[in-house]
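Close look at the chain arrangement
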Amino acid sequence: MNSVAENYLESTRKQFAYYKSLGDKTFAQLNEEDIHWQQNEDSNSISIIVKHIVGNMLSRWTNFLTEDGEKQWRHRDTEFEATYKTKAEMIAAWEKGWNCLFTAINPLQPEDVSRIIYIRNQGHTVMEAITRQLCHYPYHIGQLVYVAKLIRSDEWNSLSIPKGKSSSYNTDKFSKEKSKKHFTDDL
């Protein structure tokens, strides 16, 4: 039987992969111009939001167990400056951030979840630090999806249950036997 820590780590890996996939599916629907669109001067474009997510990932997950998660080389304020010139450049950075994250969490073992790591000198258990980022990234990925949906309008392909399809979706789910599985297992 899996321990709570084993289950947490497995679920966490699947959750992160799911949110990465939402970003990937969003980017697939965008063109070069779309990634730079801003509602106004104070709002962030998709490319700026990605830059912030990547900056956070590289800082938090590089040497995750041995160094403070807020690296001295990170310059958070510059993450909100538009510097990605192309969609390909933005996606390459996105992949680099996710690779850093998965390189840090994939080898974690159940006994690691109670270890203490630091973010800005504040101690967190590994579980708390992971949960913190598992809340932070979906917040921003939701922004990416929402901005993309605004840009693509009627051309947007839903990433979840489309409007008006909940009943048929639920009918399908309830027609199956009850089982213990992660909601991403069938995606």
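Attention in this report is confined to the structure presented alongside it. Because the structure is predicted, anything quoted here is derived from the model rather than measured.

**Structural notes on the pairing of strand 1 (residues 116-119)**
The alternating pattern of strand 1 places Ile 117 and Ile 119 on a buried face and Ile 116 and Tyr 118 on a face that is not buried. With four bridges joining them, strand 1 and strand 2 (residues 122-125) adopt antiparallel strand pairing. Following the sheet pairing, Ile 119 is matched in strand 2 by Gln 122. Once strand 1 ends, the chain turns through two residues before running back antiparallel as strand 2, passing Arg 120 with a positive phi of about 55 degrees.

**Some thoughts on the nonpolar core**
By size, the foremost hydrophobic cluster in this structure holds 43 residues, and its most contacted members are Phe 16, Trp 61 and Ile 130. Looking at this core, the elements that each hand over two or more residues are helix 1 (4-28), helix 2 (46-61), helix 3 (87-105), strand 1 and helix 4 (126-152). Top contributing element to this core by residue count: helix 4, with 10 residues. Beyond its immediate stretch of four places on either side in the chain, Phe 16 contacts Trp 61, Trp 98, Leu 101, Phe 102, Ile 105, Ile 130, Gln 133, Leu 134 and Tyr 137.

**Concerning the pattern of salt bridges**
Close approach of charged atoms lets side chains of opposite charge pair. Per the stated rule, a full pass over the model turns up 12 salt bridges. The salt bridge partner of Arg 74 is Glu 70, with a shortest N-O separation of 2.9 Å. A single burial state applies to Arg 74 and to Glu 70, both of which are buried. Arg 152 serves as the salt-bridge partner of Glu 155, at 2.5 Å between the closest nitrogen and oxygen. What makes Arg 152 buried here is its relative accessible area of 19%. Beyond isolated ion pairs, a larger network of salt bridges with shared partners links Arg 60, Glu 70, Arg 74, Glu 79 and Arg 120.

**Let's talk about the packing of helix 2 against helix 4**
Axis separation between helix 2 and helix 4 bottoms out at 10 Å; the angle between their running directions is 165 degrees. One way to sum up the angle between helix 2 and helix 4 is to call them roughly antiparallel. Crossing hand, helix 2 versus helix 4: left-handed. Taken together, the residues of helix 4 that come into contact with helix 2 (itself represented by Ile 46, Ile 49, Val 50, His 52, Ile 53, Asn 56, Met 57, Arg 60 and Trp 61) are Ile 130, Arg 132, Gln 133, His 136, Tyr 137, His 140, Ile 141, Gln 143, Leu 144, Val 147, Ala 148 and Ile 151. The class makeup of the residues in the contact of helix 2 with helix 4 is 13 nonpolar, six polar and two charged.

**Section: the environment of Gly 123**
Here Gly 123 shows up in strand 2. Sequence separation of Gly 123 and Thr 171 is 48 residues, and the distance between their C-alpha atoms is 45 Å. In this structure, Gly 123 is in contact with Ile 116, Ile 117 and Tyr 118, ignoring residues within four places of it in sequence.

What counts and what doesn't
Residues numbered from 1 in each chain as written. Predicted model: local features only at pLDDT ≥ 70, side-chain atom pairs only at ≥ 80, totals over all residues. Heavy atoms only, no water. Buried < 20%, exposed > 50% of the residue type's maximum accessible area, 1.4 Å probe, protein only. Helix = DSSP H or I, 4+ residues; strand = E, 2+ residues; numbered from the N terminus. Pairing = 2+ DSSP bridges. Core = buried A, V, L, I, M, F, W, Y, C linked by side-chain atoms within 4.5 Å. Contact = heavy atoms within 4.5 Å. Salt bridge = Lys/Arg side-chain N within 4 Å of Asp/Glu carboxyl O. Axes fitted to C-alpha atoms, helices over the stretch in contact; angles between N-to-C directions. Parallel < 35°, antiparallel > 145°, perpendicular 65-115°, else oblique. Left-handed = near helix turned anticlockwise from the far one by under 90°. Nonpolar A, V, L, I, M, F, W, Y, C, P; charged D, E, K, R; others polar.

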